[in-house]
Amino acid sequence: MKTPVEGFSKLSKTQKIDWIATNCTKDPKAAKQLLEQYWNTDPRVQKLHDEFIENTISNYYLPFAIAPNFMINGEFYAIPMAIEESSVVAAASNAAKFWMERGGFKAEIIGTEKVGQVHFIFKGDKGKLSEFFASVKPELLQSVASIAQNMEKRGGGINNIELRDLNDKIEGYHQLHCTFETLDAMGANFINSCLEQFAKTLKEQALAFDGFSEEEKNIEVVMSILSNYVPNCLVKAEVSCPISELGNADMPAKEFAQKFVQAVNIAKVEPYRAVTHNKGIMNGIDAVVLATGNDFRAVEAGVHAYAAKDGQYSSLTHAKIENDIFKFWIEIPLALGTVGGLTSLHPLVKLALEILQNPTAKELMQIVAVAGLAQNFAAVRSLVTTGIQKGHMKMHLLNMLNQLGATEEEKQKLVHYFKDQTVTNASVKEALDKVKAE
Ligand code: MEV
């Protein structure tokens, strides 16, 4: 690209495509064709997608898949997953089936509290600030009455506003640390609207507070924003069974259980392993979060902060053997919504929620936590038995064959051939060359 562009957002979609294809691609005609190929055939659906974000020129597809047979608290779920990585859905499905035959997953909500903060600077008398806060708190709550009205009608709203002194970190730094109950909504818009109003009221009331000096009256609000760290919006999911039921073709039951617990313990104390261990958990979590139209960046940020809450990044799952019972569980913060945002706009998100029997946010938290636990079980099971490559490369075989330009007939032959052969880049290429030569 040689020159910057001015007013790109004001160009029509066709003009945007023309500009990008001409200026940034080697073959503008092919680029335009590709972008158009990925449009929805129904212009109304395409318009809906165009309007989710700005400067949309096409759609970016991810596979939308189903991992069936998840038994959670006695109910069966087929879990929708949107993800690009081969073997994740197969692993989830295998783990679901394995635990279905051993009593299924149990999940419970530990808390649903969301957090938001008004960050401000006040360099005056701390005692006076506390006095001011105590007097202004009812006013702060009153000032968001119209914003909170609907949420309160449904049983949610503002839980508390707390004044926090963080002078030891930055001179004059204080917060209104606010907690919320947002029910089935993720709640970002509600929380941010409340916080911005709190900030406004705080400044106005400070100007009118007689106890402050002229200087103290000028509270400097730096920013007002929700926090994606939600350690009290927490869900727990677990599986357990007698060790004797853990036997598999690759390893005796007791050895497997012990090795599994050891692998989880390594992830607890070793950050290099913990990050990969948790990445495997997020394979399951992100896929469901994305399929259900939730904000996976918020979930990722909050979950990893939680993994480091004790001062060192650690495993999100835990495992133990007690009285010959194997127990494996996860505890994670998940701020999810089943109303608002994309949930009623994106047709596939609506369908994903319907497939999950239109869950409440609490139910969705449980389903997502279970998907993470199942994914971790499958990954660690492979790691401590056959190694991850055996299963992974099998699942990756079609991608490899597609990359090598195999025809449908060749793919069929080679999928059959590799049923009992080791899949590597070299072995697939060699086998394909052979089939082509026949
Ligand atoms: C790959 O996407 C995820 C794993 O690396 C997770 C793990 O190592 O536990 C297999």
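Residues numbered from 1 in each chain as written. Predicted model: local features only at pLDDT ≥ 70, side-chain atom pairs only at ≥ 80, totals over all residues. Heavy atoms only, no water.

Asker: Explanation requested: the overall build of the protein chain in the structure shown.
Answerer: Each helix and strand in the protein chain was counted, giving 15 helices and 10 strands. For the protein chain, buried positions account for 45% of its 438 residues. When contacts within the protein chain are restricted to residue pairs at least 6 apart in sequence, those whose partners lie at least 24 apart make up 70%. Carbon and sulfur atoms make up 52% of the accessible area of the protein chain, which amounts to about 23,000 Å² in all. One way to put it: in the protein chain the 45 positive side-chain charges average out to a point 5 Å from where the 52 negative ones average out. (Helix = DSSP H or I, 4+ residues; strand = E, 2+ residues; numbered from the N terminus. Buried < 20%, exposed > 50% of the residue type's maximum accessible area, 1.4 Å probe, protein only. Contact = heavy atoms within 4.5 Å. Areas by Shrake-Rupley, 256 points an atom, 1.4 Å probe, with all protein chains shown as cover. Lys, Arg positive; Asp, Glu negative; His and termini not counted. Charge placed at Lys NZ, Arg CZ, Asp CG, Glu CD.)

Asker: Whenever I open this one, the site of the ligand confuses me. Can you help?
Answerer: In the neighbourhood of the ligand, the contacting residues comprise Glu 85, Arg 273, Thr 276, His 277, Lys 279, Gly 280, Asn 283, Ala 379, Leu 383 and Ile 388. Here an oxygen atom of the ligand sits 2.9 Å away from a polar atom, N or O, in the side chain of Asn 283. When isolated, the ligand has an accessible area of 300 Å², and the protein chains bury 83% of it. Elements supplying a minimum of two residues to the shell around the ligand: helix H9 (271-291) and helix H12 (361-384). At six residues, the largest contribution of residues to the shell around the ligand is made by H9. A class-by-class count of the residues in the shell around the ligand yields three nonpolar, four polar and three charged. (Near = heavy atom within 4 Å. Polar contact = N/O pair within 3.5 Å; in protein donor to acceptor, adjacent residues only side chain to side chain. Nonpolar A, V, L, I, M, F, W, Y, C, P; charged D, E, K, R; others polar.)

Asker: Please explain the nonpolar core as it appears in this structure.
Answerer: The tendency in soluble globular proteins is for nonpolar side chains to be buried side by side. Membership of the largest hydrophobic core comes to 69 residues, with the highest contact counts inside it found for Phe 70, Phe 326 and Leu 334. Among the elements that take part in this core, H12 stands out by supplying 13 residues, more than any other. With near-sequence residues (within four places) excluded, Leu 334 lies in contact with Cys 233, Val 235, Ile 285, Val 299, Val 303, Met 365, Val 368 and Ala 369. With 28 residues, the next largest nonpolar core counts Val 118, Ile 161, Phe 180 and Leu 195 among its residues. (Core = buried A, V, L, I, M, F, W, Y, C linked by side-chain atoms within 4.5 Å.)

Asker: Teacher, can you tell me more about the side chain of Ser 227 here?
Answerer: Its location among the elements puts Ser 227 in strand S7 (residues 220-227). Ser 227 sits in the buried class, given a relative accessible area of 19%. Within the structure, the side chain of Ser 227 is placed 3.0 Å from the backbone nitrogen of Tyr 229, a separation counted as a polar contact. Not counting chain neighbours up to four residues away, the residues in contact with Ser 227 comprise Val 115 and Gly 116.

Asker: I tried to follow unusual backbone geometry on my own but got confused; where do I start?
Answerer: Leave glycine aside and you will find that most residues have negative phi; peptide bonds, for their part, are mostly trans. Although it is not a glycine, Asn 73 adopts a positive phi angle of roughly 50°. By the secondary structure assignment, Asn 73 is in the loop between strand S1 (64-72) and strand S2 (75-82). Of note in this structure, Asp 324 is not a glycine but carries a positive phi near 65°. Mapped onto the elements, Asp 324 comes out in the loop between strand S9 (317-322) and strand S10 (325-333). Judged by its relative accessible area of 55%, Asp 324 is exposed.

Asker: Just checking my understanding: could you explain the packing of aromatic side chains for this structure?
Answerer: Any pair of aromatic rings gets described here by the distance separating the centres and the angle formed by the planes. Applying the stated criterion across every chain, the model contains 20 aromatic pairs. Ring plane angle 85° and centroid distance 5.0 Å describe the contact between Phe 260 and Phe 328, whose orientation is recorded as edge-to-face. Remark: Phe 328 occurs in strand S10 and Phe 260 occurs in helix H8 (residues 253-269); sequence separation between them is 68 residues. For the pair shown, Phe 260 and Phe 328 are each scored as buried. Members of the aromatic cluster, connected to one another through ring pairs, are Phe 98, Trp 99, Phe 256, Phe 260, Phe 326, Phe 328 and Phe 377. Positioned above the aromatic ring of Phe 98, the side-chain terminus of Arg 102 is 3.6 Å from the ring centre. Above the plane of the ring of Phe 296 lies Arg 297, whose end atom (NZ or CZ) is 4.6 Å from the centre. (Phe/Tyr/Trp six-rings, centres within 6.5 Å; stacked < 30°, edge-to-face > 60°. Lys NZ or Arg CZ within 6 Å of the ring centre and 35° of its normal.)

Asker: Would you take a moment to explain the sheet that holds strand S5 (residues 157-165) for this structure?
Answerer: For sheets, the rule is that strands pair by backbone hydrogen bonds, running either parallel or antiparallel. Sheet architecture is open: four strands sit in the order S5-S6-S4-S7, paired in antiparallel fashion. Since the sheet does not close on itself, it has two edges, and those belong to S5 and S7, each with one partner. Between one strand axis and the next, the sheet turns by 15° as a mean value, whatever way the strands run. Here S5 runs beside strand S6 (residues 173-181); their pairing, made up of eight bridges, is antiparallel. When the bridges of S6 are listed, Ile 158 appears paired with Phe 180. Docked against the sheet, helix H7 (residues 188-208) engages strand S4 (114-121), S5, S6 and S7, running at close to 160° with respect to S7. (Pairing = 2+ DSSP bridges. Axes fitted to C-alpha atoms, helices over the stretch in contact; angles between N-to-C directions.)

Asker: In this structure, what is going on with the domain arrangement of the protein chain? I would like to understand it.
Answerer: Where interface size is quoted, it is often the accessible area lost as the parts come together. With domains assigned, the protein chain is organised as domain 1 (8-50), domain 2 (64-110 + 234-386), domain 3 (114-227) and domain 4 (392-437). Taking only C-alpha atoms into account, the centre of domain 3 sits 61 Å from that of domain 4. (Domains from an automatic or database assignment.)

Asker: What should I look at first to understand the pairing of S2 in this one?
Answerer: Within a regular strand, side chains alternate between the sheet's two faces. Where S1 and S2 come together, seven bridges link them in antiparallel fashion. Each bridged residue has a counterpart across the sheet, and for Ala 65 the counterpart in S2 is Met 81. Remark: two residues form the turn of the hairpin made by S1 and S2, two consecutive strands paired antiparallel; Asn 73 in that turn has positive phi of roughly 50°.

Asker: What is the right way to read the sheet that holds S9 from this model?
Answerer: The sheet built from four strands is open, its strands ordered S3-S8-S10-S9 with antiparallel pairing. Lying at the two open borders of the sheet, with one neighbouring strand each, are strand S3 (106-109) and S9. On average, each strand axis in the sheet is inclined to that of its neighbour by 20°, with strand direction left out of account. Where S9 meets S10, six bridges bridge the pair, whose relative direction is antiparallel.

Asker: How do you make sense of the side chain of Ser 314 when you look at a structure like this?
Answerer: In this fold, Ser 314 is placed in the loop between helix H10 (296-307) and S9. Residue Ser 314 is classed as buried on the basis of its relative accessible area of 17%. With residues up to four places along the chain from it excluded, the contact list for Ser 314 reads Ala 267, Lys 268, Ala 274, Asn 278 and Ala 307.

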